[in-house]
Amino acid sequence: MERFTRKLTDQQNFIKKAEELATVFKERAAIYDTNGTFPYENFADLKQNGFLALTVPKEYGGYGLNLLDYLKVIEQIAKGDGSTALSLGWHLGIILEQSENRSWRKESFAKLCELIVKHKALINTASSERATGSPSRGGVPTTTAIKEKNNWRINGKKAFTSMAVALDYYLVTVDVNHSGKIGLILVEKETEGVHIEETWDSIAMRGTKSDDLILNDVLVPEDALLHVEDRSKKNYPKGWMLQIPACYIGIASSARDYAIQFASEYKPNTLSGPIKEVPEVRRKVGEMELELFKARELLYSVARKWVEQPEERRKMGSELAAVKHIATNSANKIVDLAMRIVGARSLSAKSPLQRYFRDVRAGLHNPPSDDMILYNLAKDVLDH
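Residues numbered from 1 in each chain as written. Predicted model: local features only at pLDDT ≥ 70, side-chain atom pairs only at ≥ 80, totals over all residues. Heavy atoms only, no water.

Engineer: Is there a simple way to think about the packing of aromatic side chains in this case?
Structural biologist: Aromatic rings considered in pairs are described by the distance between their centres and by the relative angle of their planes. Applying the stated criterion across every chain, the model contains nine aromatic pairs. For the ring pair Phe38 and Tyr40, a centre distance of 5.0 Å and an interplane angle of 70° mean the geometry is edge-to-face. Residue Tyr40 is classed as partly exposed on the basis of its relative accessible area, which comes to 47%. With centroids separated by 5.7 Å and ring planes inclined at 85°, the aromatic side chains of Tyr60 and Phe109 adopt a geometry described as edge-to-face. With Tyr60 in the loop between helix H2 (40-48) and helix H3 (67-80) and Phe109 in helix H5 (residues 106-119), the pair connects residues that are 49 residues apart, well separated along the chain. (Phe/Tyr/Trp six-rings, centres within 6.5 Å; stacked < 30°, edge-to-face > 60°. Buried < 20%, exposed > 50% of the residue type's maximum accessible area, 1.4 Å probe, protein only. Helix = DSSP H or I, 4+ residues; strand = E, 2+ residues; numbered from the N terminus.)

Engineer: Looking at this structure, how should I read the pattern of salt bridges?
Structural biologist: It is possible for side chains bearing opposite charge to pair when their charged atoms get close. Summed over all chains, the structure comprises 28 salt bridges. Between Glu75 and Arg296 there is a salt bridge, with its nearest N and O atoms 2.6 Å apart. Taken together, the residues Glu75 in helix H3 and Arg296 in helix H7 (residues 279-308) connect sequence positions 221 residues apart. Look at Arg296 and you get partly exposed, because its relative accessible area is 25%. The salt bridge involving Asp257 is made with Arg256; its shortest N-O contact spans 2.6 Å. What makes Arg256 partly exposed here is its relative accessible area of 21%. Three or more residues are tied together by salt bridges with common partners; here these are Glu280, Arg283, Lys284, Glu287, Glu291, Lys294 and Lys333. (Salt bridge = Lys/Arg side-chain N within 4 Å of Asp/Glu carboxyl O.)

Engineer: Is there a simple way to explain empty space enclosed by the protein in this structure?
Structural biologist: To find leftover empty space, one rolls a probe the size of a water molecule over the atoms. Under the definition given, this model contains two cavities of 30 Å³ or more. Taken together, Ala29, Tyr32, Asp33, Asp81, Ser83, Arg206, Gly207, Arg355 and Asp359 form the lining of the largest cavity. If you list the elements that add at least two residues to the lining of the largest cavity, you get helix H1 (11-35) and helix H9 (352-362). Per-element tally for the lining of the largest cavity: the top contributor is H1, with three residues. The residue makeup of the lining of the largest cavity, split by class, is two nonpolar, two polar and five charged. By volume, the second largest cavity is sized at about 40 Å³. (1 Å grid on protein atoms, 1.4 Å probe; cavity = no way out; pocket = protein on both sides within 12 Å on 5 of 7 lines; lining within 4 Å. Points joined across faces, edges and corners; volume = space filled by probe spheres on them. Nonpolar A, V, L, I, M, F, W, Y, C, P; charged D, E, K, R; others polar.)

Engineer: Looking at this structure, how should I read the layout of surface pockets?
Structural biologist: Empty space within the second largest pocket amounts to approximately 260 Å³. Breaking the lining of the second largest pocket down by element, the ones donating at least two residues are H5, strand S5 (182-188) and strand S7 (211-221). Here the element with the most residues in the lining of the second largest pocket is H5; it accounts for five residues. By residue class, the composition of the lining of the second largest pocket is 10 nonpolar, two polar and five charged.

Engineer: Any chance you could explain the side chain of Thr191 here in plain terms?
Structural biologist: Take Thr191: it is sitting in the loop between S5 and strand S6 (194-197). Only 2.8 Å separates the side chain of Thr191 from the backbone oxygen of Glu188, close enough to count as a polar contact. (Polar contact = N/O pair within 3.5 Å; in protein donor to acceptor, adjacent residues only side chain to side chain.)

Engineer: What am I meant to see in the side chain of Asp81 here?
Structural biologist: Among the structural elements, Asp81 can be located in the loop between H3 and helix H4 (82-101). Put simply, Asp81 is tucked away with no salt bridge, and the nearest opposite charge, on Arg355, sits 5.1 Å away. Among the polar contacts listed, one links the side chain of Asp81 to the side chain of Thr84, at a separation of 2.5 Å. Beyond its immediate stretch of four places on either side in the chain, Asp81 contacts Phe25, Ala29, Pro39 and Asn42. (Lys, Arg positive; Asp, Glu negative; His and termini not counted. Contact = heavy atoms within 4.5 Å.)

Engineer: Just to check I follow, could you spell out the packing of H3 against H7 for this structure?
Structural biologist: To characterise two packed helices, one gives the angle between the axes of the helices and the distance between these axes. Remark: H3 packs on H7, axes separated minimally by 8 Å, with the N-to-C direction vectors making an angle of 150°. The orientation of H3 relative to H7 falls into the category roughly antiparallel. In this structure, H3 contributes Leu67, Leu68, Leu71, Lys72, Glu75 and Lys79 to the contact, and H7 contributes Arg296, Leu299, Tyr300, Ala303, Arg304, Trp306 and Val307. Classifying every residue of the contact of H3 with H7 by side-chain character gives eight nonpolar, no polar and five charged. (Axes fitted to C-alpha atoms, helices over the stretch in contact; angles between N-to-C directions. Parallel < 35°, antiparallel > 145°, perpendicular 65-115°, else oblique.)

Engineer: Is there a simple way to explain the environment of Phe109 in this structure?
Structural biologist: For Phe109, a relative accessible area of 2% translates into the label buried. In this structure, the C-alpha to C-alpha distance between Phe109 and Tyr236, residues 127 residues apart in sequence, is 19 Å. Not counting residues within four places of it along the chain, the set of residues in contact with Phe109 comprises Pro57, Tyr60, Ile95, Gln98, Ser99, Arg102 and Trp104.

Engineer: Hey, could you run me through unusual backbone geometry in this one?
Structural biologist: For the bond from Pro367 to Pro368, the omega torsion is -10°, close enough to zero to count as cis. Inspection of the secondary structure assignment puts Pro368 in the loop between H9 and helix H10 (370-382). Phi angles above zero are rare outside glycine, and Met163 is one such case at about 70°. Relative to the helices and strands, Met163 resides in the loop between strand S3 (151-161) and strand S4 (169-176). Phi angles above zero are rare outside glycine, and Asp217 is one such case at about 50°. You can see Asp217 is positioned in strand S7.

Here it is, written out as structure tokens:
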């Protein structure tokens, strides 16, 4: 496979390479899904082609993709394998957010970027806990970091840690010194006391391997604490979380393509031509196109605003949430319509549609949840 080099700097070449990789990933997707295994081969290809450094700032040796370009890459990869795209998106998104906000110490961010660029380190945040529910709802972690001389001692258990078995570093949310202040602390996988409990039994996005991370008396140096959240300040909107709708739009696109190909080729002996000539099939295809157009236009228009109008970012929380709600629900509708076109064959274990159906359903449960989005939209207009 052609190596991804620094000559590929414009958006079209990034997308082209993502499309090429997606074609390869699509051939492997059923195996990872059936076996419930992490897509190591896919990530080896991503690493070889420099994808882990896409959002690392150019000043630290990366490619410096902005939000708009990042989302287009994620959508393309998701057409091949949703689990790979969502997992890659977590890694890239964390770095993109820090590239924009620079809320960590400069030395800490530079060090992490170096690990990614030079050593192809794979990272993700470990924040969810069964006791607190979704981090988006504001609970303080039960995982603690207690200061001991020049170190931090960490104890706790994290759930739904995507890529847990494959990560090189975990960015763990902790309660700092039982203060109620939420800190973010960097933990290397090989540190003593770090264990993975393989609990991921989801029927959707199986390849993300979102297992439990166990931290038993894990000792890390003082400078491993990257950031302590100031809860008195209003949360800054996270533009990079648009990778969630981008991923599910990509999966839905593949379902749409499959259904259109099926409708163009399937010709029962009761008809004179393929079923694409049947009015009801054409109506369903039109519905799919409408949902896909709506979701994509909304996603990329809001992303473009984020990139081009940085002064507006602090006020874009509701817009970001609305995109997630509309796009993930549209993705579910698109896959449902695709399955209705294909019929009972779509339920075959050999059909990719049944995998797309299960995978897009997971988007409804990624944060923020539909109920939170709707209540917050109502609050914006009713309580001001």
